[in-house]
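Fold and contact review
Now for the letters of each chain:
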Amino acid sequence: MTTLGLSPVRLAALIAVAAGIAAAVLVLLLTGSWIAAAGFLGGAVVLVGIVAAWRLLAPVREPDGRAVDWNVTRAVAAASADAVAVTDRAGRLVCANDAYEYIFGDFPTPPALPIGETGVAALSQAGRLAWRDGTATIDRLVVEGSVLIATVTRAGEEADMLVWRFAAAPEQDVTTTAESLIGGDTGDRLGQSGIMAALLHSDGRVRAANRALTLRATGGDATIRHRDFAHFLITDSRGLLRFEREGLEGTPLRLLQVPFLEGEDSPILIVLLDDREDAPAIGASASAHVRSLVSLMPFGMALVDRDGRFLQMNDSFVRAASVDPQAPPLYPGDLVVREDKAAVADAIRRFAGGATHSADMAVRLKDHPDEPVALTIAGARGLGDAAVLLSLKDNSEESRLKREVAQATKMQAVGQLAGGVAHDFNNILTAILGHCDLMLMRHSPGDSDYDDIQQIRTNSNRAAGLTRQLLAFSRQQTLRPQILQLPDVVSEVSNLLKRLMGETVKLDVTHGRNLGPVRADPGQLEQVVVNLAVNARDAIMTAHPRGGGTLTIQTRSVTAAEVRAMGSDILPAADYTALSVTDTGTGIPADILPKIFEPFFTTKELGKGTGLGLSTVYGIVKQSGGWIFADSRPGQGATFTMYLPVHTAPETPVLPAKPTLRETPKGETWAQGTVLLVEDEDMVRAVAERALARQGYTVVTADNGEVALEVLARIERPDLLISDVVMPTMDGPTMVRHARERYPDLPVLFMSGYAEEQLRKSIDLDNVAFLPKPFSVQQLWEAARDALAPR
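**Here we look at empty space enclosed by the protein**
Inspection of the entire model under this criterion finds three cavities of 30 Å³ or more. Forming the boundary of the largest cavity are Phe 310, Phe 317, Pro 332, Leu 335, Val 336, Val 344, Val 363, Leu 365, Leu 375, Leu 390 and Leu 392. Secondary structure elements with two or more residues in the lining of the largest cavity: strand 14 (358-365) and strand 16 (386-392). Tallied by class, the residues present in the lining of the largest cavity amount to 11 nonpolar, no polar and no charged.

**A word on the pattern of salt bridges**
Under the definition given, this model contains 22 salt bridges. A salt bridge links Asp 82 to Arg 165; the shortest N-O distance between them is 3.8 Å. Of this pair, Asp 82 sits in the loop between helix 3 (70-78) and strand 1 (83-88) while Arg 165 sits in strand 5 (residues 161-168), placing them 83 residues apart in sequence. You can call Arg 165 partly exposed: its relative accessible area is 34%.

**Some points on the packing of aromatic side chains**
One pass over the structure, following the stated rule, counts six aromatic pairs. With 5.1 Å between their ring centres and 75 degrees between their planes, Phe 104 and Phe 166 make a pair best called edge-to-face. Of the two residues, Phe 104 sits in helix 4 (residues 98-104) while Phe 166 sits in strand 5, which places them 62 residues apart along the sequence. When its relative accessible area of 7% is taken as the criterion, Phe 104 is described as buried. Owing to a relative accessible area of 1%, Phe 166 belongs among the buried residues under this scheme. Between Tyr 576 and Tyr 643, the aromatic rings sit 6.0 Å apart at their centres with planes inclined by 75 degrees, giving edge-to-face as the arrangement. Of the two residues, Tyr 576 is situated in strand 21 (residues 576-583) and Tyr 643 in strand 23 (residues 638-645); the sequence distance between them amounts to 67 residues. Cluster of aromatic residues (ring-pair linked, three or more members): Tyr 100, Phe 104 and Phe 166. Above the face of the Trp 627 ring, Lys 622 is positioned so that its terminal group lies 3.5 Å from the ring centre.

**Side note on the nonpolar core**
Counting residues in hydrophobic clusters, the biggest one holds 35 residues, and the most contacted among them are Leu 525, Leu 551, Leu 579, Phe 640 and Met 642. By residue number, the principal contributor to this core is helix 15 (residues 522-543), which donates eight residues. Apart from residues no more than four positions distant in its own chain, Leu 579 is found in contact with Leu 486, Val 490, Val 529, Ile 553, Gln 554, Thr 555, Phe 640, Thr 641 and Met 642. The next biggest cluster of nonpolar side chains, apart from the first, holds 25 residues, and it includes Phe 310, Met 313, Phe 351 and Met 361.

**Looking at a nonpolar patch on the surface**
A cluster of nonpolar residues, Phe 425, Ile 428, Ile 432, Ile 456 and Met 683, forms a patch on the protein surface that exposes about 360 Å² of accessible area. Per-element accounting of the nonpolar patch gives the leading share, three residues, to helix 12 (residues 396-440). Note that Ile 456 resides in helix 13 (residues 450-473).

**Overview of unusual backbone geometry**
Cis peptide bonds are those with omega within 30 degrees of zero, and the linkage from Pro 110 to Pro 111 qualifies with 10 degrees. Omega for the bond connecting Lys 773 with Pro 774 falls within 30 degrees of zero, at 0 degrees, which places this linkage in the cis form. Position of Pro 774 among the secondary structure elements: in the loop between strand 28 (768-772) and helix 22 (777-788). Of note in this structure, His 226 is not a glycine but carries a positive phi near 75 degrees. As for its placement among the helices and strands, His 226 is situated in the loop between helix 8 (211-218) and strand 8 (233-235).

**Description of helix 5 (residues 116-133)**
Relative to the 26 Å expected for 18 residues at 1.5 Å per residue, helix 5 spans 25 Å between its end C-alpha atoms, a close match to the ideal helical length. Within the sequence span of helix 5, burial applies to Gly 119, Leu 123, Ser 124, Ala 126, Gly 127 and Ala 130. Each buried residue of helix 5 sits inside an arc of 160 degrees when the element is viewed along its axis, so together they form one side. Along helix 5, the residues that are exposed and aim more than 90 degrees away from the buried face are Glu 117, Thr 118 and Arg 132. Its buried side turned inward, helix 5 meets strand 3 (135-143), strand 4 (146-155) and strand 5. Of the residues flanking the end of helix 5, it is Gly 134, one or two places downstream, whose phi is positive at about 105 degrees.

**Side note on the sheet that holds strand 26 (residues 720-724)**
Reading across from one edge, 25-24-26-27-28 is the order of the five strands in this open sheet, with parallel pairing throughout. Both outer strands of the open sheet, strand 25 (698-702) and strand 28, are each paired with one neighbouring strand and no more. Each adjacent strand pair in this sheet contributes to an overall mean axis angle of 20 degrees, direction not counted. Note that strand 26 and strand 27 (residues 748-752) share four bridges and pair parallel.

**Considering the packing of helix 19 (residues 705-714) against helix 20 (residues 732-742)**
To describe two helices that pack against each other, one gives the angle between their axes and the distance between the axes. Where helix 19 meets helix 20, the axes come as close as 9 Å, and the angle between the chain directions of the two elements is 15 degrees. Here helix 19 is positioned roughly parallel relative to helix 20, judged by the angle of their axes. Crossing hand, helix 19 versus helix 20: right-handed. Note on element contacts: helix 20 touches helix 19 through Met 735, His 738, Ala 739 and Arg 742, opposite Gly 705, Ala 708, Leu 709, Leu 712 and Ala 713. Partitioned by chemical class, the residues of the contact of helix 19 with helix 20 number six nonpolar, two polar and one charged.

**Brief notes about the sheet that holds strand 3**
Pairing between the strands of a sheet is mediated by backbone hydrogen bonds and can be parallel or antiparallel. If you walk across this open sheet you meet the five strands as 2-1-5-4-3, and the pairing is antiparallel. Looking at strand neighbours, the two that pair on one side only are strand 2 (93-96) and strand 3, the edges of this open sheet. With strand direction ignored, the average angle separating the axes of adjacent strands in the sheet is 20 degrees. Note: strand 3 against strand 4, seven bridges, orientation antiparallel. Across the sheet, the residue bridging to Thr 135 is Thr 153, located in strand 4.

Basis of the calculations
- Residues numbered from 1 in each chain as written.
- Predicted model: local features only at pLDDT ≥ 70, side-chain atom pairs only at ≥ 80, totals over all residues.
- Heavy atoms only, no water.
- 1 Å grid on protein atoms, 1.4 Å probe; cavity = no way out; pocket = protein on both sides within 12 Å on 5 of 7 lines; lining within 4 Å.
- Points joined across faces, edges and corners; volume = space filled by probe spheres on them.
- Helix = DSSP H or I, 4+ residues; strand = E, 2+ residues; numbered from the N terminus.
- Nonpolar A, V, L, I, M, F, W, Y, C, P; charged D, E, K, R; others polar.
- Salt bridge = Lys/Arg side-chain N within 4 Å of Asp/Glu carboxyl O.
- Buried < 20%, exposed > 50% of the residue type's maximum accessible area, 1.4 Å probe, protein only.
- Phe/Tyr/Trp six-rings, centres within 6.5 Å; stacked < 30°, edge-to-face > 60°.
- Lys NZ or Arg CZ within 6 Å of the ring centre and 35° of its normal.
- Core = buried A, V, L, I, M, F, W, Y, C linked by side-chain atoms within 4.5 Å.
- Contact = heavy atoms within 4.5 Å.
- Patch = residues over 30% accessible without salt bridge, like charges linked within 9 Å, V, L, I, M, F, W, Y side chains within 5 Å.
- Areas by Shrake-Rupley, 256 points an atom, 1.4 Å probe, with all protein chains shown as cover.
- Expected span 1.5 Å × (residues − 1).
- Arc of directions from axis to C-beta.
- Pairing = 2+ DSSP bridges.
- Axes fitted to C-alpha atoms, helices over the stretch in contact; angles between N-to-C directions.
- Parallel < 35°, antiparallel > 145°, perpendicular 65-115°, else oblique.
- Left-handed = near helix turned anticlockwise from the far one by under 90°.

Quick look at the structure:
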């Protein structure tokens, strides 16, 4: 029974101390002798010491009086492959298994383990959480290069014990595969062939071993895991290697270290073979065993003879080196580019001649000359005809992912640059177009300057189209998405496509069934189809200059199951409606294919292409939430496939659409009212002020949001607020929110060179309209009039 959380022993000790103090005080009061009082107090302390010693020395007992048998607990812990330790409430280590000793080198008391200050701190925190919550876990604990999962659990009849368990963290890599193979049925089959194999940590401790090796090294003891492999071996005066338990009379061994992973901290694969003098260590059957081992390895390995010719390549090596099984290479140098042939041949000759160490070389394969790969070469003496062991890592998937990440990063950086340039250019074009419109109002078609002004305006509109392409590439253009069907989009441009293809190119359009609707801007999707079709026509005309060739446009439904079956690391699993454009042209070379979506990249002659066609397509598709891929082989045409997600959610409310631009009737050429114009660009503010004043408005200007609020405080309520969105010191939406506090129903017209969708979060306000830059004087008049119109 406990009182106030105290055990009976502690309660008795506390009572004894209290009684001793009380007796000492009473003796002091009655006799006045400090010596007598000290004697009583000392007796109490002695009593407490006797009780504590009895508590420490007596065996731990269960509630029924039986002593706890820690040998049973230790035996249970020893049966676990995990490292297990038990500590009591005082933090003392009371039990630990062999795996705990192997991992930590001794029996240190947790959390004070040899895992560094950070690891000790994390383990201490886990211990505190376990005392409080009952359990705590550390997902990653690094111990001498190995990653462990630590679990701390509160246990015991009185919940006064902590159980510390350290298990190996699961790894999803080639090391885990090799460990599973060696420790499983594959390792048993190797053992039946006389091959002993082990996977070691970088520091030489055993990570996994087949049963043949465990039996020879330990005589049947299953505790080889986590032990230092070198302790099982001895060498004699001649340098022959034997198992320590077999002594100097044991069978000599031949050890082969297989290099299959890079890095100093990588695991080591060891193969041991008997090297008896009465029978060749590697005869015909043993050679077959080694070849069987090589074929089973989950990493690229090959054997080369003394003349430098291939003896064997496993499947992983064939894949990594892109070997044609129908025409395998004769020499390793046949796999690499011409510049690397001599280095590979010299290295193989050196190791075939007796070099015992291994070496790593960066070589370039003929099929992938731009991507160096790591080739590991090691001597393989004693393996029959084999003299050199080659290991090649299949990094094609890793290289592909690196290329895609680099491409995406580059595209994002260029997109940000293009968007910023287009925004600034839109401000300049707004001023040019505005001044052209104002000048044209003072000139008639017969004037001498009229044609020049009109030419400036025309070229400015062409420049505006270029900025729209830049904004499309950088995914910063203003889209007007609708719920639509892709076949309808193709039908809208089919007549235009027939004219673009001419009489020499056949246009074949097919549509699949059960196509899901998509949400996108129909005008922008039409531009995607036209751009892809024009590029395909040019490729067909190059391949068939005298006519012929077919352009195929196809729409189809793609389910999430089909996407998962593709195994794509980029395309998320979902339902899509796909549109593919296929041509029978010249195809796209492999070195050009990764660059086709880059802005200003073109293979056309100088002056015949801007290089923005496919980059615009890419930007429109990505801004619409879709994906686009190109697939081509030289001479076999190319296929561009666009995937747009099927629209299932109800359409969300969007900002009011850009005012419909129409010619102003003659009876509506004059307006009235006060307009507060806020624009930080002087040239844009000047032309907008002149245009609005010419239409009849009273215009008050401000160059940023703070100045605009000061103007609002000293003038009467304006009829309309026209503001740029992005401005220094205070942006437009922030200024409008402050203005709406005073005038809640004040109509607002935002204008910006950035995309409306990009700014939608910041301009999520009621009763606002949006006018993208660049705009003409007529468009500004129309937008202002519609913003003031009754709703």
